[in-house]
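Chain by chain, the residues:
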Amino acid sequence: MTLQTWVPVPEGSDFPVQNLPYGVFTPPRAQGARVGVAIGEQVLDLSAIWAGTPLGADLATGSLNRFLRRGPAEWAYVRERVTALLTTEDQRRLVEANLYPIDQVTLHLPVEVADYVDFYASEQHATNLGRMFRPDGAALLPNWKHLPVGYHGRSGTVVVSGTDVVRPNGQRKGPQDPAPVFGPSVKLDIEAELGFVVGAGSAMGSAVGVDEFAQHVFGAVLLNDWSARDIQAWEYVPLGPFLGKSFATSISPWVVPLAALEAARVATPVQDPEPLPYLVEKEPWGLDLRLRVELNGAVVSRPPYAGMYWSPAQMLAHTTVNGAALRTGDLFGSGTISGPEADQRGSLIELTWNGRDPIALPDGTTRTFLEDGDTVTITASAPGADGVRIGFGEVSGTVRG
Ligand code: CA
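Each residue is numbered by its place in its chain's sequence as written, counting from 1. Two thresholds apply to this predicted model, a pLDDT of at least 70 for residue-level local features and 80 or more for giving and counting side-chain atom pairs, whereas whole-chain, interface and lining totals are computed over all residues. Side-chain numbers come from the whole structure's heavy atoms, not from hydrogens or water.

A. Focus on the overall build of the chain. Going along the chain from the N terminus, every DSSP run of H or I of four or more residues is numbered as a helix, and every run of E of two or more is numbered as a strand. Along the backbone of the chain there are 10 helices and 26 strands. Its C-alpha radius of gyration of 21 Å places the chain within 12% of the 21 Å reference for a compact globule of 401 residues. In terms of principal-axis extent, the alpha carbons of the chain reach across some 70 × 50 × 35 Å. The buried label applies to any residue whose accessible area, calculated with a 1.4 Å probe on protein chains only, is under 20% of its type's maximum; exposed applies above 50%, and partly exposed to all values in between. Expressed as a percentage of the 401 residues in the chain, the buried residues total 54%. Contacts are assigned to residue pairs that have any heavy atoms within 4.5 Å of one another. Contacts spanning at least 24 positions in sequence make up 73% of the contacts within the chain whose residues lie at least 6 apart. For the accessible areas, the method is Shrake-Rupley and the probe is 1.4 Å, while residue cover comes only from the protein chains on display. When the accessible area of the chain is evaluated, it comes to approximately 17,000 Å², of which 52% is carbon and sulfur surface. With 30 positive and 44 negative side-chain charges, the chain shows a spacing of 3 Å between the two charge centroids. Every radius of gyration here is taken over C-alpha atoms, with the globule rule written as 2.2 Å times N^0.38, N being the number of residues. The sign given to each residue is positive for Lys and Arg and negative for Asp and Glu; His and the chain ends receive no count. To locate a charge, the coordinates of NZ of Lys, CZ of Arg, CG of Asp or CD of Glu are taken.

Shown next, in the form of structure tokens:
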């Protein structure tokens, strides 16, 4: 049976009733952020629906964390109740009184981010970067097909879509420079990624199994891992990314629950050599998402998520296999999503081959890396239940000098 809602949902909307992503918002002329669900062009205030209950108190706060901490049974209960409210007339008046047009509310960072980790799960991206950063060595390092490579990022600089990004200062040293120089990055870049939000934590000293993904991860956001390539290239050996990444990471305001992504699940690519047993999934969490990257309104890339070598469930299992605990609000990025085609690369360093091949924009200008005033917007869509298309909204940011 196809779900039908009485709330108007325009054709092609990112937010049909099969999606119901969660965000945190403040209504117009109101005080206090609260949790809501997007439906069509509106947001439903869930704190009002559950007003006067302990759940309502957990929804009347400025982040999703208290709701997420309640765990997967409660996530399923709320999704089922919200679906019923939007698809039956029983409490239509209550619902209508608590719907707000999305374009009139203020959207906030949806999650108080605990730890932030970023992976490197696209074979195409890792190969492209390996070729550029290590032209004389193997493109993929020996560990890459045995474990999901990642690093710990900076949770305090994860910001919501719409937040300006200030061009970072730092050290850089080109191969021909006799000594490092200091100043604003001249190779500011983006990385189009998916981010996964941990809802239910785990105990220190225990591992989360690869098939326990949906018991811990609540949902996914779009993520732009802003990257200063010149700072990164000079600093990253031997301990990995640091200041070239930590100045800003943008995420979309809507968290699409895993429950809405069931229809998008696909197998991951063949993994050869076979990973160690703790990384072997019974039912893989590959995802058939199609992303779109716009620079000043012009589409510059269409990265496909389905080709990602490592699944998010494998990334989560690897994160905890040493006994590291998960916390509510942990966020992990997939790594740049790059497909095999030239117009499917999720970063400018790949699209322009480290500046060698500038891209032309419709206004007649060209780009190698980002200029001050540039706006980057990433969107994505996926197959949803009942054959509908679901979307993620967008993650957008403008560079300031
Ligand atoms: Ca990244």
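Next comes the rest of the account.
B. Up close: unusual backbone geometry. With an omega of 0 degrees, the peptide bond between Val-237 and Pro-238 qualifies as cis. Following the sequence through the fold, Pro-238 ends up in the loop between helix 8 (229-235) and strand 16 (249-251). Asp-272 connects to Pro-273 through a cis peptide bond whose omega is 10 degrees. Note that Pro-273 resides in the loop between strand 18 (265-266) and strand 19 (286-287). A positive phi is found at Trp-353, a non-glycine position, where the angle reads about 50 degrees. Mapped onto the elements of the fold, Trp-353 is located in the loop between helix 10 (348-351) and strand 23 (359-360). Even without being a glycine, Asn-354 presents a positive backbone phi close to 55 degrees.

C. Molecular detail of the sheet that holds strand 9 (residues 165-166). One open sheet holds the five strands; their spatial order is 9-26-25-20-21, and the pairing between them is mixed. Every interior strand has two partners, whereas the edge strands, strand 9 and strand 21 (298-301), have only one. Here, strands pair whenever DSSP counts at least two bridges between them. Note that strand 25 (residues 375-383) and strand 26 (residues 389-400) share eight bridges and pair antiparallel. By the bridge assignment, Thr-377 is partnered in strand 26 with Ser-396.

D. Spotlight on the pattern of salt bridges. By convention in these notes, a salt bridge is any Lys or Arg side-chain nitrogen within 4 Å of a carboxyl oxygen on Asp or Glu. Enumeration over the complete set of coordinates arrives at 22 salt bridges. Between Arg-327 and Asp-115 there is a salt bridge, with its nearest N and O atoms 3.2 Å apart. With a gap of 212 residues between them, Arg-327 in the loop between helix 9 (312-320) and strand 22 (331-333) and Asp-115 in the loop between strand 5 (106-107) and strand 6 (116-119) connect regions that are remote in the sequence. Between Arg-292 and Glu-294 there is a salt bridge; the shortest N-O distance is 2.9 Å. For Arg-292, a relative accessible area of 31% gives the class partly exposed. Several salt bridges share partner residues, and in doing so they unite Asp-189, Glu-191, Asp-225, Arg-229 and Lys-245 into one network.

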